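# What the coordinates show
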Amino acid sequence: MESMGQELPTSSWKSEEELIAALRRQEDDAYEYLVRTYSGRLLVVAKRFLGQDQDAQDAVQDAFLSAFKAVGDFEGNSKLSTWLHRIVVNACLMKLRTRKRKREKTVEELLPHFVADGHRDQVEPSWAVTFDTAVQSRETREVVRQRIEELPESYRTVLLLRDIEELSTEETAARLDLSVSAVKTRLHRARQALKALLDPHMNSGY
């Protein structure tokens, strides 16, 4: 469990407990401090899911409104930043459910192709790093982010929740109202498609 006693930089509150108490008293300066401190990092999360700046900004605004309403129920079992992170992810998922779908490539168009004997129709490139390292590495993070955005939305969301947000399969299924087996299938195909998209960028000469 994460400690709630973390020192807060340049604020009127010496700990998260004091800030949360001020939020529960509905003090304006506490609200302003929360937005100023966390809006940037929450916007980064929202952009991963929604891409479009306006949609991401709307999701962050919705998340703060939800947090302000629910702060009285916050039990302090995690850091405030972790709690806000969960709220903004939920706000993004709600927005994804309601916004109009745009024309996307199917996941089949992105998956590697195989011939009758089960081998790929093209030689699989040799990567200089492992798939997991490429996803997490600072040097390759930007190209990975760009390729993730090319995945169909339903597959991209599963991959983001499992591999980036590090939710369990069961948590991901509950968030998306899917079966566990559907999450596993979508995640497997999303990883395959992402690897195929990354192949030209991750060869041994990268």
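Residues numbered from 1 in each chain as written. Predicted model: local features only at pLDDT ≥ 70, side-chain atom pairs only at ≥ 80, totals over all residues. Heavy atoms only, no water.

Identification of the protein chain as RNA polymerase subunit sigma-24 from Blastopirellula marina is taken from an unreviewed UniProt entry. On record in UniProt, under Sequence similarities (unreviewed entry), the comment for the protein chain is "Belongs to the sigma-70 factor family. ECF subfamily." (UniProt positions renumbered as here; feature names shortened; annotations may be inferred.)

### Topic: the overall build of the protein chain
Along the backbone of the protein chain there are 10 helices and 0 strands. Taken from N to C terminus, the helices and strands of the protein chain fall in the order α-α-α-α-α-α-α-α-α-α. Per-residue burial over the protein chain gives 40% buried out of 206 residues. For the protein chain, restricting intrachain contacts to residue pairs at least 6 apart in sequence, the fraction spanning at least 24 positions comes to 66%. (Helix = DSSP H or I, 4+ residues; strand = E, 2+ residues; numbered from the N terminus. Buried < 20%, exposed > 50% of the residue type's maximum accessible area, 1.4 Å probe, protein only. Contact = heavy atoms within 4.5 Å.)

### Some thoughts on the pattern of salt bridges
Using the criterion set out here, one finds 6 salt bridges in the structure. Linking Asp 53 and Lys 47 is a salt bridge whose minimum nitrogen-to-oxygen distance equals 3.3 Å. Glu 149 serves as the salt-bridge partner of Arg 145, at 2.5 Å between the closest nitrogen and oxygen. On the basis of relative accessibility, which here comes to 36%, the residue Arg 145 falls in the partly exposed class. (Salt bridge = Lys/Arg side-chain N within 4 Å of Asp/Glu carboxyl O.)

### Comments concerning the side chain of Lys 95
Within the element layout of this structure, Lys 95 appears in helix H4 (residues 80-98). In this structure Lys 95 is buried but unpaired, with Asp 58 as the nearest side chain of opposite charge at 4.4 Å. Ignoring any residue separated from it by four or fewer positions in sequence, one finds Lys 95 in contact with Leu 50, Asp 55, Asp 58, Ala 59 and Asp 62. (Lys, Arg positive; Asp, Glu negative; His and termini not counted.)

### Quick look at the side chain of Thr 172
Considering the arrangement of structural elements, one finds Thr 172 in helix H9 (residues 169-176). Classification of Thr 172 as buried rests on a relative accessible area of 0%.

### Topic: the packing of aromatic side chains
Enumeration according to the criterion identifies 3 aromatic pairs in this entry. The interplanar angle of 45° and the centroid separation of 4.3 Å between the aromatic rings of Tyr 31 and Phe 68 together place this pair among those described as tilted. Remark: Phe 68 occurs in helix H3 (residues 53-70) and Tyr 31 occurs in helix H2 (residues 28-50); sequence separation between them is 37 residues. The class for Phe 68 is partly exposed, based on a relative accessible area of 22%. Ring geometry for Phe 64 versus Phe 68: centroids 6.1 Å apart, planes at 25°, classification stacked. Residue Phe 64 and its partner Phe 68 are both found in helix H3; the two are separated by 4 residues, about one turn of the helix. According to the relative accessible area criterion, Phe 64 is buried, its value standing at 5%. Taken together, the ring pairs connect Tyr 31, Phe 64 and Phe 68 into an aromatic cluster. (Phe/Tyr/Trp six-rings, centres within 6.5 Å; stacked < 30°, edge-to-face > 60°.)

### Looking at the nonpolar core
Core analysis: the biggest nonpolar cluster contains 56 residues, and Leu 19, Leu 34, Phe 49, Leu 80, Trp 83, Leu 84 and Val 88 have the highest contact counts within it. No fewer than three residues from each of domain 1 (16-100) and domain 2 (108-113 + 124-203) sit in this core. Excluding residues that lie within four positions of it along the chain, Val 88 makes contacts with Leu 42, Val 45, Ala 46, Ala 59, Val 60 and Ala 63. (Core = buried A, V, L, I, M, F, W, Y, C linked by side-chain atoms within 4.5 Å. Domains from an automatic or database assignment.)

### A short note on helix H1 (residues 16-24)
Three or more residues of H1 are buried, namely Glu 16, Leu 19, Ile 20, Ala 22 and Leu 23. Angularly, the buried residues of H1 cover 160° about the axis, an arc narrow enough to put them on a single face. Where H1 is buried, its residues touch H2 and H4. Among the residues trailing H1, Gln 26 stands out with phi positive, at a value near 60°. (Arc of directions from axis to C-beta.)

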